Amino acid sequence: MVRPGARGRPLGSALPLLLVLFDLQYQGAECGINAEVEKQLEMGKKLLAAGQLADALSHFHTAIEGDSDNYIAYYRRATVYLAMGKSKAAIRDLSKVVELKQDFTSARLQRGHLLLKQGKFDEADKDFKTVLKSNPSDNEEQEARSRLMKSDELQRLHSQALSEYRQEDYAAAITLLDEILAVCLWDAELRELRAECYMKEGELGKAINDLKAATKLKSDNTEAFYKISTIYYHLGDHELSLSEVRECLKLDQDHKPCFSHYKQVKKLNKQIISAEELIKEGRYTDAISKYESVMKTEPDVPVYATEAKKRICHCFSKNQQSAEAIKACTEILQLEPSNVNALKDRAEAYLLEEMYEEAVKDYETAQANSENDQQIREGLERAQKMLKQSQKRDYYKILGIKRNARKQEIIKAYRKLASQWHPDNFQSEEEKKQAEKKFIDIAAAKEVLTDPAHLFPGCRG
């Protein structure tokens, strides 16, 4: 974020030279002022040259209190304000200098330069033209003419930028505004205009940076705070959105758009915090209900529905509701195939459903996207072990019969389970996939257990 005075000419390093030149030009100007004021000015000048800005400022304050018409004191205090990045205060003091001593061209040039940085072209031009009419030195005349030419160029660029904005060529407008803001870096309106262009171009991070700078440059900038809050909200950062909209209401508690937005964000934020607390407490069913409320509270911003579904997937998995977890996590993974948390949650649900190959595959995908995650590594090892164990199949267990079951009992159990788990009985692809696996296991169990070689181990052909 750009702070007034944070960029541009290194004012602090030029201060001692500036003061020396000023003293040579106006030598003897302090004659007649009272001794105490002269003492404060001298002490302030020494501290300023030493870079002790806060202490120097204090002495210049005292000097002005002692003589409110002393233009030198105002000029030196303005110099300190500039070094501290307080441009508005510096302009006030420079204006006082010009009021007290109208032929002080250095003060006019400096004020014009600062006004140009603020994008106040007409006021800056007036100062530069006044300098040119006041018998300036060669250097002052050269600087004033140079600044006037720059001001004209910036005004031309400004008109072009507005034209491009109206024609909805936001990229072209941004390019022009970049050039203007390289000089007029304290112009809040230009920053807000560039932020609008960034928003149209989908560069929301850059828009936020410009809007935050605008809140610093322009007091009571409720609109900028409101826009920052809405951008954060649409990015899914409800906490930062709430923080920014509160800043808007601090400035104007009756600001209708901010108040309306505040109520919405506050409600959503409260629901999400409550849902996360329920998850920490292991109350997964209640957390699912709360996240379903989140989706109802904000149906128009997709990021909140997506994040809610991710957490619901997690809750189903932790609550060992495996079928529901697989369905919810699969929905997320269709949108975000490499979502590590959804992969882990679905893998655990697959393990509960004894779908070990699928669990191993999910853990392997998760590991490919997060190599150093110990939880994934441990989960993968566990899934591989369970897969290996499952390959030593207990066919009696698959059919749900005793080990001394006769052939007729085996066939009866097979027919019942085959009818129950036939893939045609299921609608969703995920359910069909699970049913096919069960159906294959049931058929394999029947084939093995009704094989004469299995029923009568001694009878081999």
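Residues numbered from 1 in each chain as written. Predicted model: local features only at pLDDT ≥ 70, side-chain atom pairs only at ≥ 80, totals over all residues. Heavy atoms only, no water.

## Overview of the packing of aromatic side chains
Note the cut-off: Two rings from Phe, Tyr or Trp (for Trp, the six-membered ring) form a pair when their centres sit within 6.5 Å of each other. Planes less than 30 degrees apart are called stacked, planes more than 60 degrees apart edge-to-face, and all others tilted. Each helix is a run of DSSP H or I of at least 4 residues and each strand a run of E of at least 2, with the numbering of both proceeding from the N terminus. Buried means the residue's accessible area, taken with a 1.4 Å probe over protein chains only, is under 20% of the maximum for its type, while exposed means over 50%, and partly exposed covers the values in between.
Summed over all chains, the structure comprises five aromatic pairs. Their ring planes at 80 degrees and their centres at 5.8 Å tell us that Y71 and F104 sit as a pair that is edge-to-face. On the criterion of sequence distance, the pair formed by Y71 in helix α4 (residues 71-83) and F104 in the loop between α5 (87-100) and α6 (105-117) is long-range, its members being 33 residues apart. Here Y71 and F104 have matching classes, each one buried. Arranged with centres 5.1 Å apart and planes meeting at 40 degrees, the rings of Y233 and Y304 form a pair that is tilted. Placement of Y233 in helix α12 (residues 222-235) and of Y304 in helix α16 (residues 302-318) is noted, with a sequence separation of 71 residues between them.

## A word on the domain arrangement of the protein chain
Let me state the cut-off plainly: Annotation comment: domain bounds sourced from an automatic or database domain assignment.
By domain assignment, the protein chain separates into domain 1 (36-158), domain 2 (220-318), domain 3 (320-392) and domain 4 (396-450). The gap between the C-alpha centroids of domain 1 and domain 3 is 68 Å.

## Concerning the state of the cysteines
Heads up, the rule is: In plain terms, two cysteine sulfur atoms within 2.5 Å form what is called a disulfide here.
By the definition in use, this model includes two disulfides. Covalent S-S linkage joins C248 and C258, the inter-sulfur distance amounting to 2.0 Å. Judged by the sign of its S-S torsion, about 95 degrees, the bond between C248 and C258 is right-handed. Of this pair, C248 sits in helix α13 (residues 238-251) while C258 sits in helix α14 (residues 256-280), placing them 10 residues apart in sequence. Overall, the relative accessible area of 0% leaves C258 in the buried class. Once the bonded cysteines of the protein chain are numbered in order along the sequence, the disulfide links fall as 1-2, 3-4. Unpaired in terms of disulfides, C184 finds its nearest cysteine sulfur in C197, a separation of 16 Å. Note on C197: relative accessible area 0%, which makes it buried.

## A look at the pattern of salt bridges
Stated formally: We define a salt bridge as a side-chain nitrogen of Lys or Arg found within 4 Å of a carboxyl oxygen belonging to Asp or Glu.
All told, the structure shown has 26 salt bridges when counted by the stated rule. Here R191 and D210 are joined by a salt bridge, their closest N and O atoms 3.0 Å apart. Of this pair, R191 sits in helix α10 (residues 188-200) while D210 sits in helix α11 (residues 204-217), and the two are 19 residues apart along the sequence. The pair R191 / D210 is uniform in exposure class, with both members buried. Between E348 and R382 there is a salt bridge, and its shortest N-O distance comes to 2.8 Å. Separated by 34 residues along the polypeptide, E348 in helix α18 (residues 340-352) and R382 in helix α20 (residues 374-390) bring together distant segments of the chain. Connected through shared salt-bridge partners, D178, R191, R194 and D210 make up one network.

## A word on the UniProt feature "repeat: TPR" (unreviewed entry) in the protein chain
To keep things clear, this is the line we draw: UniProt positions are given in the numbering used here, feature names are shortened, and annotations may be inferred rather than shown by experiment.
Under the local residue numbering, the UniProt record ascribes the feature "repeat: TPR" (unreviewed entry) to residues 71-104, 105-138 and 222-255. Across residues 71-104, the secondary structure splits into 79% helix and 0% strand, with the terminal C-alpha atoms separated by 10 Å. For residues 105-138, the helix share is 76%, the strand share is 0%, and the end-to-end C-alpha distance is 12 Å.

## Comments concerning unusual backbone geometry
With a phi close to 55 degrees, D220 is a non-glycine residue in the positive phi region. Backbone geometry places E354, a non-glycine residue, at a positive phi of 60 degrees. Structurally, E354 can be placed in the loop between α18 and α19 (356-369).

## Here we look at the side chain of T297
Put simply, the rule is: Only heavy atoms matter for contacts: two residues are in contact if any of them lie within 4.5 Å across the pair.
Looking at where T297 falls in the secondary structure, it is placed in helix α15 (residues 284-297). What makes T297 buried here is its relative accessible area of 14%. Ignoring sequence-local partners within four residues, the contact set of T297 consists of Q264, K267, L268 and Q271.

## Looking at α5
Defined as follows: For a helix, the expected span equals 1.5 Å multiplied by the residue count minus one.
An ideal rise of 1.5 Å per residue puts 20 Å on 14 residues; α5 measures up with 20 Å between its terminal C-alpha atoms. S87, A89, A90, I91, D93, L94, V97 and V98 are the residues of α5 that are buried. At its buried positions, α5 is contacted by α4 and α6.

## Section: the confidence of the model for the protein chain
Under the convention used in this document: The quantity known as pLDDT measures the predictor's confidence residue by residue, on a range of 0 to 100.
With 91% of its residues at a pLDDT of 70 or more, the protein chain has an overall mean of 89. Ranking the elements of the protein chain by mean pLDDT puts helix α1 (residues 11-25) last, at 43, and helix α9 (residues 170-181) first, at 98. Contacts for the low-pLDDT stretch residues 1-32, under 50 throughout, to residues beyond four places or in other chains number 52 contacts.

## Side note on the packing of α14 against α16
Which entries qualify depends on this criterion: In this analysis an axis means a line fitted to C-alpha atoms, helices contributing only their contacting stretch, and an angle means the value between N-to-C directions, from 0 to 180 degrees. Working rule for angles: under 35 degrees goes down as roughly parallel, over 145 as roughly antiparallel, 65 to 115 as roughly perpendicular, anything else as oblique. Should the near helix be turned counterclockwise from the far one by less than a right angle, the crossing is left-handed, whereas a clockwise turn marks it as right-handed. Gly counts as polar in this scheme, as do all residues outside two lists: the nonpolar Ala, Val, Leu, Ile, Met, Phe, Trp, Tyr, Cys and Pro, and the charged Asp, Glu, Lys and Arg.
For the pair α14 and α16, interaxial distance at closest approach is 12 Å and the crossing angle is 15 degrees. Taken together, α14 and α16 sit at an angle that is classed as roughly parallel. In the crossing of α14 with α16, the sense of the turn from one axis to the other is left-handed. The residues of α16 that touch α14, namely those facing L268, I272, E276 and I279, are Y304, R311, H314 and C315. For the contact of α14 with α16, the class distribution of residues is five nonpolar, one polar and two charged.

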